[in-house]
Amino acid sequence: MVFRKLPGVSASGMGLRLSQKFVFLLFLSGLVTLCFGALFFLPDSVRLKRIFLSKNENPAVTVGSDSDARELSKKVPGDQEHQRVGLKGAEANVKLKVSRKPSVTHGARTVERSVGSRTQEDLSPARAHEQTPKDERVTTGAQHNVGFNYESFKKCLQKAPLGKDQGKPSDPQTLQRREKVKEMMKFAWDNYKLYAWGKNELRPLTKNGHIGNMFGGLRGASIVDSLDTLYIMGLMDEYQEAKEWIQNDLDLNSNGEASVFEVNIRYVGGLLSAFYLTGDEIYKQKVLELGEKLLPAFNTPTGIPRGVINLGSSGTSWGWGWASAGSSILAEFGTLHLEFLHLSELSGNPTYTEKVMNIRKLLNKIEKPRGLYPNFLSPVSGNWVQHHVSIGGLGDSFYEYLIKSYLMSDKTDEEAKRMYYSAMEAIETNLVQKSPGGLTYVAEWRGGILDHKMGHLACFSGGMIGIGADDASQENKQHYLNLAAEITHTCHESYSRTATKLGPEAFRFDGGAEAVATRLSDRYYILRPEVIESYMYMWRLTHDPKYREWGWEAVEALEKYCRVEAGFSGIRDVYSSTVSHDNMQQSFFLSETLKYLYLLFSDDDLLPFEDWVFNTEAHPLPVIRKSCQQEHNTRQTSLE
């Protein structure tokens, strides 16, 4: 039509060839324009730089602060092997690659803790996960850091962390019992060192190590989990061994799939605690590097993090395969607050605090059935996925972190306080029950129908309700303390009604049963700490001697039924005195169970509650007294 006719060529033939060429060129030019234009819609400018800059020009992302730059480089029965680190050497900067590879792993007190009855295969994350845009790995460097001063921090503590005499009790019997717990810790540690050094956990029957698939390729979970326990027990040779391993062998450059929850409570919590207790900069260096690797999990439409993350350069995250509709788990995304606030404290980077405060903002906005928080939430829509409520597995440590956030803020976080007491009111109205035999327990709620079951994991709630009693309204102070004592008594009954005097994974209150496991799948014990945890809290709150007696009963049972030639092992049936061991010395046995027992038989000035709050892995984190630290920092600056 518009084209000029050429001699010797028919109009029809020429028109066809030119039309084809025109269409092809139009398509090609459109494709090039589309691809080039798409570059400008990528989530951050770093992607553009990586395309147009040479390898040598790729900008480094600094991790740490100006003052740190010189040293920075940069619970399931089917298979009892369930599981719930940095650099070799030190450089000034680390370059973070941005790619988009999917991958996998597993996790409140949970997924290891929370998903008590699932098999290992059920814990595999969904492969049909959503790819999340990377990269929330922001710089925790000089432009954010306002300078954490460790000496100022120490001056703001009301008491010495280890007390006047490392918490040594004056009573000879109590001292003897405390020394026994210390011997158990040394025995567990020595065998871990001998047979599983550098692995995540010890298999005491086969005398080898276990790695598991929960930590994304990170190693040494038992070492990181044990740091503060060894330190407060005065096992200094063992502590130095652990510290040297952290410094020389804890490699954080893994490229595997990890549970955000488990890495946070064990590794981040353990390293934070070690730093605050000792002031050793190696722990601060490692924890800031690791904390940064968790940030891409929050790259969701709602800001609710997914449960699994690739710790490598891709930073891809996704939900557990067994979780309904790709949902996130309440006890996982609700158990980040304490650690992330301290990551902001040490780095000067407010991003960590902003991430967890956004979670709280969303939870306050959405409707809660009967005031309760269901266990499953969509990170895409921000809506509840199922109306299953539990203060045990899948829900537990969310409630724990509400009251502990208030306490850790030096009682200034009024929002956390309000959320906690509102949740407690709903729990007491809808879940707290009294058995015909007079035992108080906390049932589970499934869409309005009560399941009269209480898990071992839920037995932490005696201690939680106890520490929250003092800040309740005047008319509820004694009520909550009484409720805490009643729940702790029920959990002790679940122990005393077994042949081994150790408690089952879950116990029921129906069909004539009270505080006993009625299903074979609930009869195991994997060295869990929650009942002993409540003993420790209730001892400090009341000084009723029965809590120390109950703790000693647990020590004797652990020695008789769980101690083997090369460590401690869980058992498969607490109702049989002829025990079958599961061949696993859990890292939380060293971090929690033995630590809580040691504190139970120590004076109250060892890690006093005025200054310290324990994360859900029993790692002590200090109360944040911002005004005090700012005052000391100002004085220091004026002196300089």
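Just so it is clear, the structure is predicted and the values come from calculations on it, not from any experiment.

Criteria and thresholds
Residues numbered from 1 in each chain as written. Predicted model: local features only at pLDDT ≥ 70, side-chain atom pairs only at ≥ 80, totals over all residues. Heavy atoms only, no water. Axes fitted to C-alpha atoms, helices over the stretch in contact; angles between N-to-C directions. Helix = DSSP H or I, 4+ residues; strand = E, 2+ residues; numbered from the N terminus. Parallel < 35°, antiparallel > 145°, perpendicular 65-115°, else oblique. Left-handed = near helix turned anticlockwise from the far one by under 90°. Contact = heavy atoms within 4.5 Å. Nonpolar A, V, L, I, M, F, W, Y, C, P; charged D, E, K, R; others polar. Pairing = 2+ DSSP bridges. Core = buried A, V, L, I, M, F, W, Y, C linked by side-chain atoms within 4.5 Å. Buried < 20%, exposed > 50% of the residue type's maximum accessible area, 1.4 Å probe, protein only.

A. Inspection of the packing of helix α7 (residues 260–278) against helix α8 (residues 281–294) at higher detail. At a minimum axis separation of 8 Å, α7 and α8 run at an interaxial angle of 155°. In terms of orientation, α7 lies roughly antiparallel with respect to α8. For the pair α7 and α8, the sense of crossing is left-handed. Contact residues: α7 offers V263, N264, Y267, V268, L271, L272, A274, F275 and T278, while α8 offers E281, Y283, K284, K286, V287, L290 and L294. For the contact of α7 with α8, the residue count by class is eleven nonpolar, two polar and three charged.

B. Broad picture of unusual backbone geometry. Positive phi is not limited to glycine here, since K207 has a value of about 55°. Along the chain, K207 falls in the loop between β1 (201–203) and β2 (208–210). Unlike most non-glycine residues, N583 shows phi in positive territory, near 65°. Its place among the elements puts N583 in the loop between β17 (567–568) and α18 (587–600).

C. How the structure looks around the packing of helix α13 (residues 414–430) against helix α14 (residues 461–469). At a closest axis distance of 12 Å, the pairing of α13 and α14 adopts a crossing angle of 125°. Taken together, the axes of α13 and α14 lie oblique to each other. Two packed elements cross with a definite hand, and for α13 against α14 that hand is left-handed. When α13 is examined against α14, the residues Y420, Y421 and M424 are found in contact with a partner set consisting of M464, I465 and G468. Each residue belonging to the contact of α13 with α14 can be placed in one class, and the counts come to five nonpolar, one polar and no charged.

D. Examining the sheet that holds strand β3 (residues 257–259) more closely. Spatially, the three strands line up as an open sheet ordered β3-β4-β5, and their pairing is antiparallel. At either margin of the open sheet sits one strand with a lone partner, and together these are β3 and β5 (317–318). Pairing analysis gives two bridges linking strand β4 (residues 308–310) to β5, with the strands arranged antiparallel. Paired with V308 across the strands is W318, a residue of β5.

E. Geometry of the nonpolar core. One finds I246, Y399 and M454 to be the most contacted residues of the largest nonpolar core, which totals 160 residues. The element contributing the most residues to this core is α7, with twelve residues. The residues contacting Y399, other than those within four sequence positions of it, are L330, Y373, V389, S390, I391, Y420, A423, I427 and M464. If you look at the next biggest cluster of nonpolar residues, it comprises eight residues, including W320, W322, I329 and F376.

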